[in-house]
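# Per-entry structural report
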Amino acid sequence: MSRIELSVNGRARKLDVEDKLLLVDMLRERLELTGTHVGCDTSQCGACVVRLNGDTVKSCSVLAATLDGAEITTIEGVAAGSDLHPMQRAFSECHALQCGYCTPGLVITAIDIVEKSPDGLTAAAVVKELKGNICRCTGYVNIVAAILKGAADMGVPVLTEEGA
Ligand code: FES
Ligand code: FES
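Note that this is a predicted model, so its numbers are computed, not measured. (Residues numbered from 1 in each chain as written. Chains lettered and ligands numbered in written order. Predicted model: local features only at pLDDT ≥ 70, side-chain atom pairs only at ≥ 80, totals over all residues. Heavy atoms only, no water.)

### What to know about the layout of surface pockets
Cut-off, in case you're wondering: Each cavity reported here is a set of points on a 1 Å grid over the protein atoms alone in which a 1.4 Å probe fits but cannot get out, each pocket an open set with protein on both sides within 12 Å along at least five of seven lines, and each lining residue one with an atom within 4 Å of a point. Grid points are joined across faces, edges and corners, and a volume is the space filled by probe spheres set on the points. A run of H or I in DSSP becomes a helix once it reaches four residues, and a run of E becomes a strand once it reaches two; helices and strands are each numbered from the N terminus. Under the scheme applied here, ten amino acids are nonpolar (Ala, Val, Leu, Ile, Met, Phe, Trp, Tyr, Cys and Pro), four are charged (Asp, Glu, Lys and Arg), and all others, including Gly, are polar. In this entry, domain limits derive from an automatic or database-based domain assignment.
Volume-wise, the largest pocket comes out at about 170 Å³. Elements represented by at least two residues in the lining of the largest pocket include exactly strand 4 (55–58) and helix 3 (103–115). Broken down by class, the residue content of the lining of the largest pocket amounts to three nonpolar, four polar and four charged. Residue assignment places the lining of the largest pocket across two domains, with domain 1 (2–77) and domain 2 (86–153) each supplying three or more.

So, in structure tokens, the structure goes:
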């Protein structure tokens, strides 16, 4: 058992965690942040993606005990109060979800992709960056369109070709 102190969606948290507790289970079961989903047992689907110290991680593959001092952002921490994040709005407006199971992980990944591409983003680059996120029902056309719209709304240029 370890005691960890960390920030989750800007709120300081202090928890005693078992050595085997996964971050995704800590979020869902201890902090009741159930927007982070579990879609596989193999670290493949990306439904559990959150941000950890500014990077994306699959929270099903991170031990909570390692997170003393960490900053975590989950899908619950993305909106500014009742104002959805531009990427959340883009997913809604572009019909980029059906069941929504994959959506929290995709939105977190999408924000990370955009923030790490300040000079511009192409559809091909988005497709490449989504290799760790699986959607089982929508198909990816609308998801890619949503991420490009979200990028534009976040002030990142959308390029028509690589390097264009
Ligand atoms: S639940 Fe983490 S990658 Fe599938
Ligand atoms: S919207 Fe259903 S799995 Fe992606």
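### Describing the packing of helix 2 (residues 86–93) against helix 5 (residues 141–153)
Our working definition: Axis definition: a line fit to C-alpha positions, over the contact stretch in the case of helices; interaxial angles, taken between N-to-C directions, run 0 to 180 degrees. Angles are sorted into four bins: roughly parallel if under 35 degrees, roughly antiparallel if over 145, roughly perpendicular if 65 to 115, and oblique for all others. Left-handed describes a crossing whose near helix is turned anticlockwise from the far helix through less than a right angle; right-handed describes the clockwise counterpart. Whether two residues are in contact is decided by their heavy atoms: any pair within 4.5 Å suffices.
Between helix 2 and helix 5, the least distance of the axes is 8 Å, while the angle of their chain directions is 140 degrees. Taken together, helix 2 and helix 5 sit at an angle that is classed as oblique. Classified by chirality, the crossing of helix 5 by helix 2 is right-handed. On helix 5, the residues that touch Pro86, Met87, Ala90, Phe91 and Glu93 of helix 2 are Ile143, Ala146, Ile147, Lys149, Gly150, Ala151 and Asp153. Of the residues that constitute the contact of helix 2 with helix 5, the class distribution is eight nonpolar, one polar and three charged.

### Description of the side chain of threonine 74
Heads up, the rule is: Burial status follows relative accessibility: with a 1.4 Å probe on protein chains alone, a residue under 20% of its type maximum counts as buried, one over 50% as exposed, and anything between as partly exposed.
Locating threonine 74 in the fold gives a position in the loop between strand 5 (71–73) and helix 2. We classify threonine 74 as buried; its relative accessible area is 0%. Setting aside chain neighbours within four positions, we find threonine 74 in contact with Asn9, Leu27, Leu33, Thr36, Val50 and Ile108.

### Considering the pairing of strand 3 (residues 49–52)
Definition in use: A pair of strands counts as paired when DSSP detects no fewer than two bridges linking them.
The side-chain alternation of strand 3 yields two buried faces, one formed by Val49 and Arg51 and the other by Val50 and Leu52. Across four bridges, the pairing between strand 3 and strand 4 is antiparallel. Paired with valine 49 across the bridge in strand 4 is lysine 58. Counted along the chain from strand 3 to the antiparallel partner strand 4, the turn is two residues long, and its residue asparagine 53 has a positive phi close to 50 degrees. By the bridge criterion, two bridges tie strand 3 to strand 5 in an arrangement that is antiparallel. Of the residues in strand 5, the one forming a bridge with leucine 52 is isoleucine 72.

### Some thoughts on the domain arrangement of the chain
Where we set the bar: Note on terms: buried area is the combined drop in 1.4 Å-probe accessible area of two parts once they are placed together, counting the loss on both. Under the rule applied, a polar contact is a pair of N or O atoms within 3.5 Å (in protein, one hydrogen donor and one hydrogen acceptor; residues adjacent in sequence only if both atoms are side-chain atoms).
Examined at the domain level, the chain breaks down into domain 1 (2–77) and domain 2 (86–153). Centre-to-centre separation of domain 1 and domain 2, based on C-alpha positions: 21 Å. Taking both partners together, domain 1 and domain 2 bury about 1300 Å²; carbon and sulfur atoms supply 52% of that area. Interface area lost by domain 1 to domain 2 is led by His37, Arg51 and Ile75, which between them contribute 39%. Scanning the region where domain 1 abuts domain 2 turns up nine residue pairs in polar contact (both at pLDDT 80 or more). Its residues assigned to classes, the side of domain 1 that touches domain 2 shows six nonpolar, nine polar and three charged.

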